[in-house]
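Listed here are the chains, written in short residue letters.
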Amino acid sequence: AWRTHGRSGSYPCAMTSLAGLAMLAGGHTPIEGRYAYNVRRAVDYVLNCASPNGLIARTDEEMRPMYGHGFGMLFLAQAHGMERDSSKQNRIRAVLERAVRLTGQSQSKAGGWIYTPNATSDEGSVTVTQIQGLRAIRDVGIDVPKNIIDSACEYIQKSANPDGGIRYRIAHTGGSRPAITAAAVATMYSASQYEHPVALKALEFVKERVSTSKTGHLGGGHRYYAMLYTAQAMYLSSEENWHMYFPKVRETVLRGQASDGVWRGKRVGVVYTTAVSLLVLQLPYGYLPALQR
């Protein structure tokens with residue numbers, strides 16, 4: 001496992017999934033590439049995090065386990081198609097099928113998800129991870145009930161503010177969050193809602209901030225989270241948007257790398273910031289099926 005040191009746990013499942021995704025994005029699979037051994041061990045670790053009830057997380061180290069669950073679904077779904085061992089592939093499939101059921105049971109009445117699998121509340125950042133994970137699972141041929149995705153997209157749509165941005169929660173009346181807005185665009189694209197008015201308006205909200213930024217950052221806090229999803233939104237939306245965005249953020253990211261190879265952030269830790277940086281830089285390679293145009 002990889003671990004980090006945030007304020008509410010070390011998040012080994014979430015961090016291992018993100019680190020594994022960063023390696024997959026560089027063309028390293030469980031069976032080939034310089035880091036095949038590391039990817040293989042990461043897959044095994046995340047599989048071992050899966051509970052019989054479907055939750056993919058280490059609840060003893062993750063106070064907000066639905067993040068690990070969402071990133072775990074995404075990572076295992078990407079690894080599933082790259083795995084040649086049929087027994088391992090079947091094991092991944094069984095874990096993902098249980099994970100879909102757990103996610104469905106944990107969805108709130110409003111259509112979103114909260115930090116723990118209790119279905120009593122919801123907020124945007126967890127909802128984003130569940131939608132992307134579910135879409136990746138569906139792409140490998142595992143059934144995901146359409147009503148779960150539809151309700152989740154409606155949650156994002158109802159969280160939109162008049163300026164096109166997305167607020168933290170559907171029940172809040174607060175201002176638009178740039179990071180959540182970028183994530184909303186990426187996930188609505190994941191759900192094939194490219195032309196939905198909310199997606200289009202949210203994309204304009206993001207583009208306006210990116211176009212006036214010298215560094216490619218959106219502002220508004222949560223820099224690495226925002227960068228992870230802004231890159232996806234710009235890449236998936238059009239070549240024009242990508243060419244406007246990527247040169248700025250690429251130079252900013254490269255300048256931020258320390259001499260020991262890591263990127264350092266103030267909030268979550270170097271595993272998270274390094275994995276996100278690698279995912280952004282390697283996005284144009286197109287190795288992750290879930291993030292392909």
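Residues numbered from 1 in each chain as written. Predicted model: local features only at pLDDT ≥ 70, side-chain atom pairs only at ≥ 80, totals over all residues. Heavy atoms only, no water.

Caption draft 1: Fine view of the overall build of the protein. Across its full length, the protein carries eleven helices and zero strands. Beginning at the N terminus, the succession of helices and strands in the protein can be written as α-α-α-α-α-α-α-α-α-α-α. For the C-alpha atoms alone, the extent of the protein along its principal axes is close to 50 × 45 × 35 Å. Within the protein, the proportion of its 293 residues that are buried is 57%. Restricting to contacts in the protein with at least 6 residues of sequence separation, those with at least 24 account for 66%. Carbon and sulfur atoms make up 50% of the accessible area of the protein, which totals about 12700 Å². (Helix = DSSP H or I, 4+ residues; strand = E, 2+ residues; numbered from the N terminus. Buried < 20%, exposed > 50% of the residue type's maximum accessible area, 1.4 Å probe, protein only. Contact = heavy atoms within 4.5 Å. Areas by Shrake-Rupley, 256 points an atom, 1.4 Å probe, with all protein chains shown as cover.)

Caption draft 2: Layout of the side chain of His217. As for its placement among the helices and strands, His217 is situated in the loop between helix H8 (197–211) and helix H9 (223–237). Of note is the side chain of His217, whose polar atom sits 3.5 Å from the side chain of Arg223. Filtering out sequence-adjacent residues up to four positions away, His217 remains in contact with Arg209, Arg223, Met227 and Thr252. (Polar contact = N/O pair within 3.5 Å; in protein donor to acceptor, adjacent residues only side chain to side chain.)

Caption draft 3: Quick peek at the pattern of salt bridges. Tallied over the entire structure, the rule returns eleven salt bridges. Among the ionic pairs, Glu61 bridges to Arg3, the shortest N-O distance being 2.7 Å. Taken together, the positions of Glu61 in the loop between helix H2 (36–49) and helix H3 (65–80) and Arg3 in the segment before helix H1 (12–25) put the pair 58 residues apart, joining distant regions of the chain. Judged by relative accessible area, Glu61 falls into the buried class, the value being 17%. Looking at Arg3, the relative accessible area reads 38%, which means it is partly exposed. Between Asp260 and Arg264 there is a salt bridge, with the nearest N and O atoms lying 2.8 Å from each other. A cluster of three or more residues bridged by salt bridges with shared partners is formed by Arg3, Arg58, Asp60 and Glu61. (Salt bridge = Lys/Arg side-chain N within 4 Å of Asp/Glu carboxyl O.)

Caption draft 4: Looking closely at the packing of aromatic side chains. Enumeration over the complete set of coordinates arrives at seven aromatic pairs. Through pairs of rings, three or more aromatic residues link up here, namely Tyr235, Trp242, Tyr245 and Phe246. A cation sits over an aromatic face here: Arg64 above Tyr115, 4.0 Å from the ring centre. The residue whose ring lies beneath Arg209 is Phe205, and the NZ or CZ to ring-centre distance is 3.5 Å. (Phe/Tyr/Trp six-rings, centres within 6.5 Å; stacked < 30°, edge-to-face > 60°. Lys NZ or Arg CZ within 6 Å of the ring centre and 35° of its normal.)

Caption draft 5: Spotlight on the nonpolar core. Ranked by size, the top nonpolar core spans 98 residues in total, and within it Ile56, Leu76 and Tyr229 carry the most contacts. The element that contributes the greatest number of residues to this core is H9, accounting for eleven residues. For Tyr229, the contacting residues outside a window of four places in its chain are Phe71, Val128, Thr129, Gln132, Ala182, Ala183 and Ala186. (Core = buried A, V, L, I, M, F, W, Y, C linked by side-chain atoms within 4.5 Å.)

Caption draft 6: The arrangement of the packing of H8 against H9 in detail. Running from N to C, H8 and H9 cross one another at 110 degrees; their axes reach a closest spacing of 11 Å. What the angle tells us is that H8 and H9 run roughly perpendicular. The residues of H9 that touch H8, namely those facing Leu203, Val206, Lys207 and Val210, are Thr230, Ala233, Met234 and Ser237. A per-class count over the contact of H8 with H9 returns five nonpolar, two polar and one charged. (Axes fitted to C-alpha atoms, helices over the stretch in contact; angles between N-to-C directions. Parallel < 35°, antiparallel > 145°, perpendicular 65-115°, else oblique. Nonpolar A, V, L, I, M, F, W, Y, C, P; charged D, E, K, R; others polar.)

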